[in-house]
Amino acid sequence: MANILVVDDELGIRDLLCEILNDEGHSVEVAENAAQARVARLNERPDLVLLDIWMPDTDGVTLLKEWSTTGLLTMPVIMMSGHATIDTAVEATRIGALAFLEKPITMQKLLKAVEQGLTRGSLRKHIAPPDQRSVELSQTRPLSPDIVGISPAVEDVSTQATRSFMLDKPLREGRDEYEKAYFEFHLVKENGSMTRVAEKTGLERTHLYRKLKQLGVDLSRKRG
């Protein structure tokens, strides 16, 4: 059983997610805005957070960035939204979100994402000593698997996870370069399977394909 924090300004969604997760044996705390989420994060120390992007006071991406920069992003965070763009999803993943769920959220996708998140969180706790965990997440490993959602399990692509990027260039150009490398890494790691890459990156398959074409990723040798 895990302690899960659900942050969403819609009462119906909070109740639905709470009911599903309670049925799975988890303990669930709810927050309807960023202010309540900050308090719950400090008081309850959740094992995983389901965080809505669009909220009335502070949006979810801003709150995620706040936790990351202050060393409080020590738990897996899964973003949720019914209106977010691909760029928003990629930005959230870059900051430290584990996955992105598009509303309306099916029970199957929810439970799969929660299971993966809790597994990742458990592995992270065993790897990093408690007194170093927040420092490693927020400062010393900005391109680590825990931050960008890249698994180090495949040894032959591990070097791609530590690529360097030149900062002396326009923001859009630098962002496109990073995103291209990010998706190319996952394509190689998943042996070209678009379905598995879509699951890993939290994007719908059609959105993923459009994004790869936009970035100029060579799909001629990919299978999926």
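About the criteria used
Residue positions are given per chain, counting from 1 as you read along its sequence in written order. For this predicted model, a pLDDT threshold of at least 70 governs which residues receive local features, and a threshold of 80 or more governs which side-chain atom pairs are given and counted, while totals over whole chains, interfaces and linings are taken from all residues. Side-chain numbers come from the whole structure's heavy atoms, not from hydrogens or water. Helix numbers and strand numbers start at the N terminus; a helix is a DSSP run of H or I with at least 4 residues, a strand a run of E with at least 2. Accessibility here uses a 1.4 Å probe with only protein chains present; expressed as a share of the type maximum, an area under 20% marks a residue as buried, one over 50% as exposed, and anything in between as partly exposed. N or O atoms closer than or at 3.5 Å make up a polar contact, with two conditions inside protein: a donor-capable atom paired with an acceptor-capable one, and, for residues adjacent in sequence, both atoms drawn from side chains. Multiplying 1.5 Å by the residue count of a helix minus one yields the expected span of that helix. Confidence scores here are pLDDT values: one per residue, from the predictor, ranging 0 to 100. Contacts were defined at the residue level, with two residues in contact if any of their heavy atoms lie within 4.5 Å. Whether two strands pair depends on DSSP finding at least two bridges between them. A clockwise path from the first strand over the helix to the second, with the strands pointing away from the viewer, defines a right-handed crossover. What counts as a ring pair is set by centres within 6.5 Å for rings of Phe, Tyr and Trp (its six-membered ring), and what kind of pair is set by the plane angle: stacked under 30 degrees, edge-to-face over 60, tilted for all other angles. An axis is simply a line fitted to the C-alpha atoms; with a helix, the fit covers only the stretch in contact. Between two such axes, the angle follows the N-to-C directions and lies from 0 to 180 degrees. Angle categories are assigned with fixed cut-offs, so that under 35 degrees is roughly parallel, over 145 is roughly antiparallel, 65 to 115 is roughly perpendicular, and the rest are oblique. Should the near helix be turned anticlockwise from the far one by less than a right angle, the crossing is termed left-handed; should it be turned clockwise, right-handed. Residue polarity follows a fixed list, in which Ala, Val, Leu, Ile, Met, Phe, Trp, Tyr, Cys and Pro are nonpolar, Asp, Glu, Lys and Arg are charged, and the others, Gly among them, are polar. Like charges are joined within 9 Å and nonpolar side chains (Val, Leu, Ile, Met, Phe, Trp, Tyr) within 5 Å, but only among residues with over 30% relative accessible area and no salt bridge; these make up the patches. We get accessible surface area from the Shrake-Rupley algorithm with a probe of 1.4 Å; when it comes to residues, only the shown protein chains can shield them. What makes a salt bridge here is a side-chain nitrogen of Lys or Arg within 4 Å of a carboxyl oxygen of Asp or Glu, nothing more. Positive charges are assigned to Lys and Arg, negative charges to Asp and Glu, while His and the chain termini are left out of the count. Working definition for charges: the position is that of NZ of Lys, CZ of Arg, CG of Asp or CD of Glu. Take the buried residues of types Ala, Val, Leu, Ile, Met, Phe, Trp, Tyr and Cys, join any two whose side-chain atoms come within 4.5 Å, and each joined set is a nonpolar core.

Caption draft 1: View of the environment of Glu 179. Its place among the elements puts Glu 179 in helix H8 (residues 171–189). Judged by relative accessible area, Glu 179 falls into the buried class, the value being 2%. Between the alpha carbons of Glu 179 and Leu 212 there is a distance of 9.1 Å; along the sequence they are 33 residues apart. Of note is the side chain of Glu 179, whose polar atom sits 3.0 Å from the side chain of Lys 211.

Caption draft 2: A look at H8. Taking 1.5 Å per residue, 19 residues should reach 27 Å; H8 reaches 27 Å between its end C-alpha atoms and fits that length. Those residues of H8 lying buried are Tyr 178, Glu 179, Ala 181, Tyr 182, Phe 183, Phe 185, His 186, Leu 187 and Lys 189. Asn 191 sits one or two positions beyond H8 and adopts a positive phi of about 60 degrees.

Caption draft 3: Molecular detail of the confidence of the model for the protein. Of the residues in the protein, 77% have a pLDDT of 70 or more, and the chain-wide mean is 78. Within the protein, the lowest mean pLDDT, 33, falls on helix H7 (residues 145–148), and the highest, 97, falls on strand E1 (residues 3–7). Segment residues 128–162: pLDDT under 50, and 53 contacts once partners within four positions in sequence are set aside and those in other chains are kept.

Caption draft 4: Inspection of the pairing of strand E3 (residues 48–52) at higher detail. Of all 5 residues in E3, 5 are buried, a share of seventy percent or more. Where burial is concerned, the two faces of E3 agree: the one with Leu 48, Leu 50 and Asp 52 and the one with Val 49 and Leu 51 are both buried. Note that E1 and E3 share 4 bridges and pair parallel. Along E3, the bridge assignment pairs Ile 4 with Leu 48. Relative to strand E4 (residues 77–81), E3 runs parallel, the two sharing 4 bridges. By the bridge assignment, Leu 51 is partnered in E4 with Met 79. Viewed along the sheet, the connection from E3 through helix H3 (residues 60–69) into E4 turns out right-handed.

Caption draft 5: Quick look at the packing of aromatic side chains. A full pass over the atoms with the stated rule returns 1 aromatic pair. Ring geometry for Tyr 182 against Phe 183: centres 5.1 Å apart, planes inclined by 75 degrees, an arrangement best described as edge-to-face. There is no split in this pair, since Tyr 182 and Phe 183 are both buried.

Caption draft 6: Representation of the side chain of Arg 14 within the structure. Note that Arg 14 resides in helix H1 (residues 11–23). Arg 14 gets classed as buried once you look at its relative accessible area, which sits at 10%. The contact partners of Arg 14, leaving out residues within four places of it in the chain, are Val 6, Asp 8, Asp 9, Val 30, Ala 31 and Glu 32.

Caption draft 7: Structural detail: the packing of helix H2 (residues 34–44) against H3. Two elements in contact, H2 and H3, have axes separated by 11 Å at closest approach and are oriented at 30 degrees. Classified by the angle their axes make, H2 and H3 are roughly parallel. In this structure, the crossing between H2 and H3 has a hand that is right-handed. For the pair formed by H2 and H3, the contact residues are Ala 34, Ala 37, Arg 38 and Arg 41 on the first element and Leu 63, Glu 66 and Trp 67 on the second. In terms of residue class, the contact of H2 with H3 is made up of 4 nonpolar, no polar and 3 charged.

Caption draft 8: The arrangement of a negative patch on the surface in detail. Together, Asp 15, Glu 19, Asp 23 and Glu 24 line one region of the surface with negative charge. Checked against the element boundaries, Asp 15 lands in helix H1. Judged by its relative accessible area of 45%, Asp 15 is partly exposed.

Caption draft 9: Highlighting the nonpolar core. Formed by 38 residues in total, the largest nonpolar core has its most connected members in Leu 51, Leu 64, Trp 67, Val 77 and Met 79. Looking at this core, the element that brings in the most residues is helix H4 (residues 86–95), giving 5 residues. When neighbours within four sequence positions are excluded, Trp 67 is seen to be in contact with Ala 37, Arg 41, Val 49, Leu 51, Leu 72, Leu 73, Met 75 and Val 77. Grouped together as the second largest cluster of nonpolar side chains are 19 residues, Ala 2, Leu 17, Met 80 and Leu 118 included.

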